[in-house]
Amino acid sequence: MSNDFTKVENPVLIVEGKQADNERLKAESDYLRGTIKEDLQDRMTGGFTSDNFQLIRTHGMYQQDDRDIRAERQKQKLEPLHNVMLRARLPGGIISTKQWLAIDKFADDYTSYGSIRLTTRQTFQFHGVLKPNIKLMHQTLNSIGIDAIATAGDVNRNVLCTPNPIESIVHQQAYEWAKKISEHLLPKTRAYAEIWLDEEKVETTETDEIEPILGSNYLPRKFKTTVVIPPNNDIDIHANDLNFVAISEKGQLVGFNVLVGGGLAMTHGDKSTYPRKADDFGFISIEHTLAVAEAVVTTQRDWGNRVNRKNAKTKYTLDRVGVDTFKAEVEKRSGVSFSESRPYEFTDRGDRIGWVEGIDNKHHLTVFIENGRILDFPSDKGASKALKTGMRDIAAIHKGDFRLTANQNLIIAGVAAEDKAQIEKIARASGLIDDSVSNQRKNSMACVAFPTCPLAMAEAERYLPKLIDDVDSILAKNDLADESIILRVTGCPNGCGRAMLAEIGLVGKGPGKYNMYLGSNLGGTRIPKLYKENLGEQDILAEIDGLSARWATERNQNEAFGDFVIRMGIVAEVKISMRDFHDD
Ligand code: SRM
Ligand code: SF4
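Note that the coordinates shown come from a computational prediction; the quantities given were computed from them, not determined experimentally.

Visitor: Would you mind going over the overall build of the protein in detail, with residue names and values included?
Guide: Secondary structure summary: the protein contains 19 helices and 22 strands in total. For 584 residues, the compact-globule estimate of 2.2 N^0.38 gives 25 Å, and the C-alpha radius of gyration of the protein, at 23 Å, lies within 12% of that figure. A principal-axis box enclosing the C-alpha atoms of the protein has dimensions of 70 × 60 × 60 Å. Taking all 584 residues of the protein together, 58% fall into the buried category. Considering only intrachain contacts with a sequence separation of at least 6, the fraction spanning at least 24 residues in the protein is 68%.

Visitor: Let's hear about the site of ligand 1: which residues, and what values?
Guide: Taken together, 31 residues sit near ligand 1, with Thr-119, Leu-264, Thr-452, Cys-496 and Arg-498 positioned nearest. In this structure, Gln-64 approaches ligand 1 through a side-chain N or O atom, which is 2.9 Å from an oxygen atom. A distance of 2.7 Å is found between an oxygen atom of ligand 1 and a side-chain nitrogen or oxygen belonging to Thr-119. Taken together, the elements giving at least two residues each to the shell around ligand 1 come down to β1 (61-64), β2 (83-87) and β5 (124-129). Residue classes in the shell around ligand 1 are distributed as 12 nonpolar, 11 polar and 8 charged.

Visitor: Go over empty space enclosed by the protein, please, and point to the residues and values.
Guide: By the definition in use, this model includes 1 cavity of 30 Å³ or more. Considering only enclosed or pocket space, the largest cavity measures out at about 50 Å³ in volume. For the largest cavity, the full set of lining residues is Leu-32, Thr-58, His-59, Ile-149, Pro-187, Thr-189, Ala-191 and Tyr-192.

Visitor: Please provide a residue-by-residue account of the side chain of Glu-211, values included.
Guide: For Glu-211, the position within the fold is in the loop between α9 (206-209) and β7 (225-228). Here Glu-211 sits buried without a salt bridge, and the closest side chain of opposite charge, Lys-188, lies 5.6 Å off (N-O distance). Reaching out from Glu-211, the side chain makes a polar contact with the side chain of Tyr-218 at a distance of 2.5 Å. The residues contacting Glu-211, other than those within four sequence positions of it, are Tyr-31, Pro-187, Lys-188, Thr-189 and Tyr-218.

Visitor: Describe in detail the coordination of the iron atom of ligand 1, supporting the description with residues and values.
Guide: You will see that the iron atom of ligand 1 has only one donor from the protein, Cys-496 (SG), lying 2.3 Å away. Its location among the elements puts Cys-496 in the loop between β19 (487-490) and β20 (504-510).

Visitor: For the environment of Phe-402, give the residues involved together with the corresponding values.
Guide: Following the sequence through the fold, Phe-402 ends up in strand β16 (residues 401-404). In this structure, the C-alpha to C-alpha distance between Phe-402 and Ala-246, residues 156 residues apart in sequence, is 22 Å.

Visitor: Tell me about unusual backbone geometry, and name the residues and values.
Guide: Of note, the bond from Pro-230 into Pro-231 is cis; its omega dihedral lies within 30 degrees of zero at 10°. Turning to its location among the elements, Pro-231 is positioned in the loop between β7 and β8 (242-249). Positioned with a positive phi, Asn-371 is a non-glycine residue whose angle comes to about 60°. In this structure, Asn-371 sits in the loop between β12 (363-367) and β13 (373-374). A positive phi angle, close to 55°, is found at Arg-498, a residue other than glycine. Its location among the elements puts Arg-498 in the loop between β19 and β20.

Visitor: Before we move on, can you summarise helix α11 (residues 314-321) with the specific residues and values?
Guide: With 8 of 8 residues buried, α11 lies mostly within the body of the structure. Listing the buried residues of α11 in full gives Thr-314, Lys-315, Tyr-316, Thr-317, Leu-318, Asp-319, Arg-320 and Val-321. Contacts made by the buried residues of α11 are with β9 (252-260), β10 (279-285), α10 (289-303), α12 (323-334) and α19 (577-580). Positioned one or two residues after α11, Gly-322 has a phi angle of 95°, which is positive.

Visitor: Give me the lowdown on the packing of helix α5 (residues 97-110) against helix α6 (residues 134-143), citing residues and values where you can.
Guide: The N-to-C vectors of α5 and α6 enclose an angle of 165°; their axes lie 11 Å apart at closest approach. What the angle tells us is that α5 and α6 run roughly antiparallel. Relative to α6, α5 is oriented so that their crossing is right-handed. Of the residues in α6, those in contact with Ile-103, Phe-106 and Tyr-110 of α5 are Leu-136, Met-137, Thr-140 and Leu-141.

Visitor: Explain the pattern of salt bridges to me, using residue names and the numbers behind them.
Guide: Applying the stated criterion to the full structure yields 54 salt bridges. In this structure, Glu-483 engages Arg-555 in a salt bridge whose closest nitrogen and oxygen atoms are separated by 3.2 Å. Of this pair, Glu-483 sits in the loop between α16 (464-477) and β19 while Arg-555 is found in the loop between α17 (537-554) and α18 (561-567), placing the two residues 72 residues apart along the sequence. On the accessibility criterion, Arg-555 (24% relative accessible area) is partly exposed. Because the salt bridges share partners, they merge into one network encompassing Glu-23, Lys-26, Asp-154, Arg-306 and Arg-309.

What counts and how
- Residues numbered from 1 in each chain as written.
- Chains lettered and ligands numbered in written order.
- Predicted model: local features only at pLDDT ≥ 70, side-chain atom pairs only at ≥ 80, totals over all residues.
- Heavy atoms only, no water.
- Helix = DSSP H or I, 4+ residues; strand = E, 2+ residues; numbered from the N terminus.
- Rg over C-alpha atoms; globule rule 2.2 N^0.38 Å.
- Buried < 20%, exposed > 50% of the residue type's maximum accessible area, 1.4 Å probe, protein only.
- Contact = heavy atoms within 4.5 Å.
- Near = heavy atom within 4 Å.
- Polar contact = N/O pair within 3.5 Å; in protein donor to acceptor, adjacent residues only side chain to side chain.
- Nonpolar A, V, L, I, M, F, W, Y, C, P; charged D, E, K, R; others polar.
- 1 Å grid on protein atoms, 1.4 Å probe; cavity = no way out; pocket = protein on both sides within 12 Å on 5 of 7 lines; lining within 4 Å.
- Points joined across faces, edges and corners; volume = space filled by probe spheres on them.
- Lys, Arg positive; Asp, Glu negative; His and termini not counted.
- Salt bridge = Lys/Arg side-chain N within 4 Å of Asp/Glu carboxyl O.
- Donors = N, O, S within 2.8 Å, 3.2 Å for Na, K, Ca; no water.
- Axes fitted to C-alpha atoms, helices over the stretch in contact; angles between N-to-C directions.
- Parallel < 35°, antiparallel > 145°, perpendicular 65-115°, else oblique.
- Left-handed = near helix turned anticlockwise from the far one by under 90°.

See below:
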């Protein structure tokens, strides 16, 4: 067990008090229908009314506007240029070339940014879809076998799985489990089919549509699940509520170690919020996977805080009731007893950029996509970055599929030896393969932030490329040119770019200002700690210069940066988040 707070005397299982308004709107929504259909007809506004504004999230969409032009439109007395961002459901991140060609065309024809944005949860987003095109978007996706059900809102989100599944039998089996878990935990309501696909409302009795797992009020908050294959923790289990760590014997998946209660978000200045690692519940054999997944979800459904959304995620439920109480309840509900966890180790989280050979003599090419943004970028220093065109050209000839990674990169998977050269030629010509990308850039990540994210306090995606230019120069100056530090930037403390599992995490505080956190490790099993607050861009570079110079000269052999800053006492180690994270 990973913490001393496993037992809580007289735990409060249910938080009493006035429920959050989201609870009312879910209860009144008629299983997520609300009045979205009617609202869609209202062309007086490009947006949705307040309840539907929230409800469309459970159908995979967020209402947004372009923040770069918000003030100008306000001056002109125009309403914000409302549009939606859509996030697709893609368990394990696998997408076929046919599907890719269709989303590529949709992005060109109907999105205001023209991009496909790969996310930190192995799927893609369209940004800037106007109201009249929303239905067409869902119908286009449906025609190629993709939906956006439960990719946002108080439900179980896109289930992650370490990609490259055909590399071994275990990868294939783990991917099948990610799909099964995703299907098992999906909402059962037919609202999505009725609203977006024009399917008939089937006469149902109330009990037909009851959500046996999620309940009529759905979950207290978002819920995230992964299947991971050690030693690579590329999907960052400690950002997730429920994690299945694959355990294999003689090359076959036999079961999972189950870890519950990870999550990274916090609110600046609110000590009741903190990033937290997941706790190890123990090992289960493979046939118990769905029963245990369901029991964890229903326990969180019934015990999660429905009064205060800031403390509603599973991580806070565990700290309130105690890990032992939560685990015992999961055992009771599932009828499964956890046995002692099987040994495993996480050694890294990066993607293996370049070619690897898999089973069946197939080859897989992982391409680095900065910030996950697939777009034809204007020529930079003479180097073409026609990433979108390159991907389209590859999709047109590729006989395998594509796999999205949780590091916002992409794998061109299942390439026959005789097709390698042709794919590599297109990838090089379009900038999808770029040998000049440094190790530091490959190990850095940022969330979307401006201009689309309404919660952004500082730049992230638009800041990262220049920041890495500067960090590359600093590392070279300090004789660290081939080394790298896991560096992540998020535009606010919600943590979408997982800065709270970085060796250096920069968290937006205000325009051009960031808090700097230090001290996660390569395997992603340590939460970093606040080092300095409110740093401007020059201060950030000065800090990275000073710290990396010390790392270069004072480190032990092969000591990673995050381990170094802890050993040297530059920041204290966060062992138990609720005790240590805010501790001075
Ligand atoms: Fe996130 C909200 C983008 C991964 C924690 N996230 C948002 C919204 C939708 C803003 C909003 O609520 O209006 C952002 C949309 C920006 C835009 O314009 O696209 C947004 N989150 C993203 C993505 C696209 C970041 C990226 O650069 O790839 C990721 C999409 C994942 C996906 O495909 O589902 C994304 N978000 C994450 C992660 C990382 C992860 O899951 O591995 C986290 C931290 C892990 C966690 O959940 O603890 C994360 N996002 C949040 C939160 C804080 C949740 C909380 O516990 O309080 C919010 C705000 C909220 O839910 O209230 C949020
Ligand atoms: Fe937006 Fe904040 Fe998430 Fe970045 S971390 S995408 S700024 S919500």
